[in-house]
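The residues making up each chain are set out below.
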Amino acid sequence: MNPLRDLFERCKALLFHARQEAELDEEMRDHVARETAARQRDGRAQASREAAIAFGGIERTKDEIRDASGVAPLREWFADVHYAIRALRRNAGFTLTVIGVLGAAIGAATVVFTVVQRVLIAGLPYPDPDRLVRVYQQNSATNRWSLSVVDLQAIAAQQRTLESFGAWQATTASLSGAGAPERVRVGRATSGFFATLQVATLRGRLLEPQDDSPSAAPVVVVSYRLAARLLGGPDQAIGRRVTIDGVTHAVVGVLPAGRDELGGITAEAWPILQLRTPLRRGPFGFGAIGRLKPGVTLEDARADLAGVSERLFPLWVAGFQDREARLTPYPLRDAVIGDAGGQVKLFAGAVALVLLLAIANVATLMLVRTASREHELSVRVALGAGRRRLIRLVLTECFVLVAAAGVLALVIAFVAIKGTALVAPTLPRLGELVVDGRSVAFALVLTFVAGALISLAPLSSRLVRGYGAASLAISPARTGPGRRAGIVRGVLVATEFALALPLVTGAGLLLTSFLRLQRVDPGFDPTGVYAVLIALPGGRYGDPATSQAFWRLAESRASELNGVTAAGLAGSIPPDNGGDVNNFDLLDRPVPTGTAQPVVPWSTVSAGYFAALGIPLLEGRLFTPGDSATAPPVVIVSRAWAAKYYPRSSAIGRQLYNGGCSTCPPTTVVGVVGDVPYLGLASATEGMYAPLAQDGPRTLNLVVRSRLDAGASFRALRAVVASLDPDLAPTEIPMQEHLEQALGDPRRWTAVVSAFAMTGMALAALGIFGLMSYVVRQRRREFGVRLALGASPRSLGLLVVQGGMRYAGAGTLVGLGLVTFESRWLGALLYRVEATSPVVLLAAVALLLATGLLSCWRPGVRAARIKPLEVISGE
């Protein structure tokens, strides 16, 4: 027969079953009627009976025809599915529990797979992403930093291994000309930046080489979001002019929707970066990316750029003396991912443990459910059902449950992936996260694997050995639990405790770390302290005297505000605004020639800044009006800096060269103040402060300590800024919230892992509670007889509890081995707590065993309350 026609007939038989049954009945009746008529014409008295006998069994003939259609197995499977659904509906609590537990676990695993696949595995969304590199300055395996203008121009002129090369500088800027001034994230970029990434615009053009010249008219490419929000849409944006930090830019291009991140930099506007001729090697602070030429390896580029470094060093040795520093390329994908891999692995590990816990828990529940159906299965055996039929019946029920859990998992994954930004707002490539075909396929495969693993549990019961006729006559309560099934149940419950211990220990370590981080002294009292970030546009404040005049007026007017007790200015504010760092070399303790100089947070401040934050003066003096631009350079250092470099003597009066400039006048230490961290609460507190008058920053934080609330203080500060320059858009920074945000990542990860740990403990508790409750039901008659023979209720209760605790104890011992693996990669996320902390480990073990004890207590009480007379009379 034609295979297609055969398939068509099978589908027809399956889909139109009722109509085919009616046609079969009619055909059978027609054949019997014809045979009867023929026999009546022969004069037979019992023609009808003889015709039926001659035709053979009608039902048997129907079965043969149905078998010949080839769809009987499918019909039986549909019948099994229908029966399984009816049976599960009768036990809604069990059904919803299994679907919920397994669906949530598979859904979480699908989200993790999507994150891992998109963030850690997938290539960047650019043509030939493996050829993209980012270039750093590096002088050791762990110390690398950004580039200077000298570096950028040397690479552009001398490299031979890059097909294209571009630079960028990420910052925030005041944007006006399209409504009220506001601060937006900008990525100043050269034309090579876009050429390297090979992105296209939705409207207009990208930045081009002629735009790179300092004499060219400033242009900007904007994001689709900015064009739609401020410029009337992509079509109307082209040709419009916007003012960025006081400089008018013409909009020449609009990026496609969703292109808010390029090369790991998120920005709404991409103004042209026009590099001017440098006067010294520093400052650094520029990012650089390149595209390798076809056939060029990373090692080729590394050797090429190392040669550029060697040729560059003697030209600028007076201002940069680190001979070990090399221009070094790294895969751009690694640079974009950064240290996010550790966070993703932490999340993935926790989800994997919860998934295994869920599978073990559901397998335990399925095993108990199958055992409770022994009488029903025995009846089916008595009615003629074979072992294969029973196995198929139980497995169908398993897969119906798992299939429903898989559907729920996909729903959870589609919803949860949108919430990833809430759990990990700093995760790179967040905009690329989407549940696609791979994620759906992963969820389906995981669902199938989970179904197969869970199905192994019922197969370990008496189902495999089969049910004899005696099974029908003997109550399961009289036979007690099978040995094999009992072992499997015990192993599953012990496994749950083994998997839960690493989760509880991890949560304990992160919680301890978070609490210790929370107790870190930030070095100042944030109560009543408010700051606004002000960036002066270079077009109007390019002259240092103009910017200095602005800062003096801003500080003076802020200090005169009602309720303000102190006001000051600072380039960086604690605890994690360490954008300004600088290298230095002590005159009395210079580093060896050609080696790297120490680097510390370096903040330009006014004298009032210390009073505004409440940083105490410990030795020497603060800055005075005499520390002017023409006076000898001075600095104030932190107590930790002084203790590190001059532990047995005073740091006052010591001199140093800063910024690698050995030909500049030396800088003198004039004061020592309290410690304040600038690179994160967990960082060292060494720091240096330079006087505002001896530097020319155009971006500073105006900080005040006020007796008024946040709203009134910020309104007053905005009024001060507007009175000096109405085109500026200050950014408000409440220091109390700023300090709390520094704990954001540790707080979120502690909460996530703690939630997983609580889920793990709940699943382990549910597993051991279900098992011991089942044991009490199965041994109810035995316990009744023991009580009748003189056993005490207390002894039976202890017997049940001890049995459960043996499983919990065995699982906990195995879990200790898993904790040792966990500690290998968890240590990097902890602050002042060892990953192998015995206190935390003992507390986790005690908590887990206590949970097991409470879970076993209720079944033990039930065993103790069994009434012997009722049990024996019931039998």
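Residues take numbers from 1 onward in each chain, read along the sequence in its written order. This being a predicted model, a pLDDT of at least 70 is required before a residue's local features are given, and a value of 80 or more before pairs of side-chain atoms are given or counted; all residues contribute to the totals for chains, interfaces and linings. Hydrogens and water molecules were not included; the side-chain quantities draw on all heavy atoms of the structure.

*Asks:* Before we go on, may I ask you to explain the overall build of the protein in this structure?
*Replies:* Looking only at helices and strands, the protein has 32 helices and 25 strands in total. Taken over the C-alpha trace, the protein has a radius of gyration of 38 Å; the compact-globule value for 875 residues is 29 Å, which it surpasses by more than 25%. Principal axes of the C-alpha set define a box for the protein whose edges measure 135 × 75 × 55 Å. Residue exposure (1.4 Å probe, protein chains only): buried if accessible area is under 20% of the type maximum, exposed if over 50%, otherwise partly exposed. Sorting the 875 residues of the protein into buried and exposed places 49% on the buried side. By definition in these notes, contact holds between two residues if any of their heavy atoms fall within 4.5 Å. For the protein, the proportion of contacts with a sequence separation of at least 24, taken over those separated by at least 6, is 81%. Side chains of the protein carry 90 positive and 70 negative charges; the gap between the two charge centres is 8 Å. In DSSP terms, a helix is any run of H or I states spanning at least four residues, a strand is any run of E spanning at least two, and both are numbered starting from the N terminus. When we talk radius of gyration, it's over C-alpha atoms, and the globule rule is simply 2.2 Å times the number of residues to the 0.38. Working convention for charge: Lys and Arg count positive, Asp and Glu count negative, and His plus the chain ends are omitted. The atom standing in for a charge is NZ when the residue is Lys, CZ when it is Arg, CG when it is Asp and CD when it is Glu.

*Asks:* Whenever I open this one, the pairing of strand β15 (residues 529–535) confuses me. Can you help?
*Replies:* Side-chain direction in a regular strand flips from residue to residue, so the side chains alternate between the two faces of the sheet. Counting buried positions over the seven residues of β15 gives seven, a clear majority of the element. Taking every second residue as pointing to the same face, both faces of β15 are buried, with Val-529, Ala-531, Leu-533 and Ala-535 on one and Tyr-530, Val-532 and Ile-534 on the other. Of the strand pairs in this sheet, β15 and strand β24 (residues 699–706) are connected by seven bridges, and their pairing is antiparallel. For Tyr-530, the partnering residue across the bridge sits in β24 and is Val-704. Pairing between strands requires that DSSP locate at least two bridges from one strand to the other. Here β15 runs beside strand β25 (residues 731–734); their pairing, made up of four bridges, is antiparallel. Along β25, the bridge assignment pairs Tyr-530 with Pro-734.

*Asks:* Looking at this structure, how should I read the packing of helix α13 (residues 340–372) against helix α17 (residues 437–459)?
*Replies:* The relative placement of two packed helices comes down to the angle between their axes together with the axis-to-axis distance. Simply put, an axis is a line fit to the C-alpha atoms, just over the touching stretch for a helix, and the angle between two N-to-C directions goes from 0 to 180 degrees. Orientation of α13 relative to α17, taken along the N-to-C sense of each, is 40°, at an axis distance of 8 Å. Between α13 and α17, the interaxial angle falls into the category oblique. Considering the relative orientation of α13 and α17, their crossing is right-handed. Side by side, α13 and α17 meet where Leu-355, Ile-359, Val-362, Ala-363, Met-366, Leu-367 and Thr-370 of the first sit next to Leu-446, Ala-450, Leu-453, Ile-454, Ala-457 and Pro-458 of the second. When its residues are assigned to classes, the contact of α13 with α17 shows twelve nonpolar, one polar and no charged. Here roughly perpendicular refers to angles of 65 to 115 degrees, roughly parallel to angles under 35, roughly antiparallel to angles over 145, and oblique to all remaining angles. Crossings are sorted by hand: turned counterclockwise from the far helix by less than a right angle, the near helix makes the crossing left-handed, and turned clockwise it makes it right-handed. Put simply, Ala, Val, Leu, Ile, Met, Phe, Trp, Tyr, Cys and Pro go in the nonpolar bin, Asp, Glu, Lys and Arg in the charged bin, and everything else, Gly too, in the polar bin.

*Asks:* Just to check I follow, could you spell out a nonpolar patch on the surface for this structure?
*Replies:* Nonpolar side chains (Val, Leu, Ile, Met, Phe, Trp, Tyr) within 5 Å and like charges within 9 Å form the patches, drawn only from residues with over 30% relative accessible area and no salt bridge. The Shrake-Rupley method, run with a 1.4 Å probe sphere, supplies the accessible areas, and residue values consider only the shown protein chains as cover. Should a side-chain nitrogen of Lys or Arg be within 4 Å of a carboxyl oxygen of Asp or Glu, the pair is scored as a salt bridge. A contiguous nonpolar surface patch, about 550 Å² in accessible area, is contributed by Phe-399, Val-445, Phe-448, Val-449, Leu-453 and Leu-456. Here the nonpolar patch gets five residues from one element, more than from any other, and that element is α17. By secondary structure assignment, the location of Val-445 is in helix α17. Judged by its relative accessible area of 53%, Val-445 falls in the exposed class.

*Asks:* How should the confidence of the model for the protein be read in this particular structure?
*Replies:* Where the model shows low pLDDT, its predicted coordinates should not be examined in detail. Confidence per residue, as judged by the predictor, is encoded in pLDDT with a range of 0 to 100. Looking at the protein, pLDDT values average 85 and 93% of them are 70 or higher. Here residues 469–480 scores under 50 on pLDDT; set against residues more than four positions off or in separate chains, the count is 16 contacts.

*Asks:* For this particular structure, what's the right way to read the packing of aromatic side chains?
*Replies:* In this description, an aromatic ring pair is defined by two values, namely the gap between the centres and the angle between the planes. Pairing of aromatic rings covers Phe, Tyr and Trp, the last counted by its six-membered ring, and requires centre-to-centre distances within 6.5 Å; plane angles under 30 degrees mean stacked, over 60 mean edge-to-face, and any other angle means tilted. Going through the model one piece at a time under the given rule, you end up with 21 aromatic pairs. On the numbers, 5.2 Å between centres and 80° between planes, the contact of Phe-550 with Trp-551 is edge-to-face. For Phe-550, a relative accessible area of 5% gives the class buried. Classification of Trp-551 by relative accessible area gives buried; the value is 0%. Ring geometry for Tyr-609 versus Tyr-689: centroids 6.3 Å apart, planes at 45°, classification tilted. Highlighted residues: Tyr-609 in helix α24 (residues 608–613) and Tyr-689 in strand β23 (residues 688–691), separated in sequence by 80 residues. In this pair, the class of Tyr-609 matches that of Tyr-689, namely buried. Taken together through their ring pairs, the aromatic side chains of Tyr-609, Phe-610, Phe-623, Tyr-678 and Tyr-689 make up a single cluster.

*Asks:* Help me out: how do you make sense of the packing of helix α29 (residues 780–788) against helix α30 (residues 793–826) in this one?
*Replies:* For the pair α29 and α30, the least separation of the axes is 10 Å and the interaxial angle reads 145°. Pair α29 / α30 crosses with right-handed handedness. Contact residues: Phe-783, Arg-786 and Leu-787 in α29; Pro-793, Leu-796, Leu-799 and Val-800 in α30. Looking at side-chain class alone, the contact of α29 with α30 contains six nonpolar, no polar and one charged residues.

*Asks:* Looking at this structure, how should I read the environment of Ser-792?
*Replies:* Position of Ser-792 among the secondary structure elements: in the loop between α29 and α30. The exposure class of Ser-792 is partly exposed, given its relative accessible area of 34%. Between the alpha carbons of Ser-792 and Thr-266 there is a distance of 72 Å; along the sequence they are 526 residues apart.

*Asks:* Quick question: what am I supposed to make of helix α23 (residues 544–559) here?
*Replies:* Along an α-helix, residues three or four apart share an orientation, since each turn contains 3.6 residues. Take the residue count of a helix, subtract one, and multiply by 1.5 Å to get its expected span. Taking 1.5 Å of rise per residue, 16 residues should cover 22 Å, and α23 covers 22 Å from first to last C-alpha, within 8% of that figure. When α23 is considered as a whole, its buried residues turn out to be Ser-547, Gln-548, Phe-550, Trp-551, Ala-554, Glu-555 and Ala-558. The arc that holds the buried residues of α23, viewed along the axis, is 160°, so those residues lie on one side. Buried residues belonging to α23 abut β15, α22 (538–541), β16 (564–570), α24, β24 and α26 (710–724). In this description, one arc is meant: the one made by directions from the helix axis to the C-beta atoms.

*Asks:* Please explain the nonpolar core as it appears in this structure.
*Replies:* The nonpolar side chains of a soluble globular protein tend to be buried, and buried together. One finds Leu-102, Val-115, Leu-427 and Leu-503 to be the most contacted residues of the largest nonpolar core, which totals 87 residues. The biggest single contributor to this core is α13, with 14 residues. Apart from the residues lying within four places of it in its own chain, the contact partners of Leu-427 are Val-115, Val-119, Ala-340, Val-344, Thr-420 and Leu-433. Nonpolar cores are built from buried Ala, Val, Leu, Ile, Met, Phe, Trp, Tyr and Cys residues. Side-chain atoms within 4.5 Å join them into one set.

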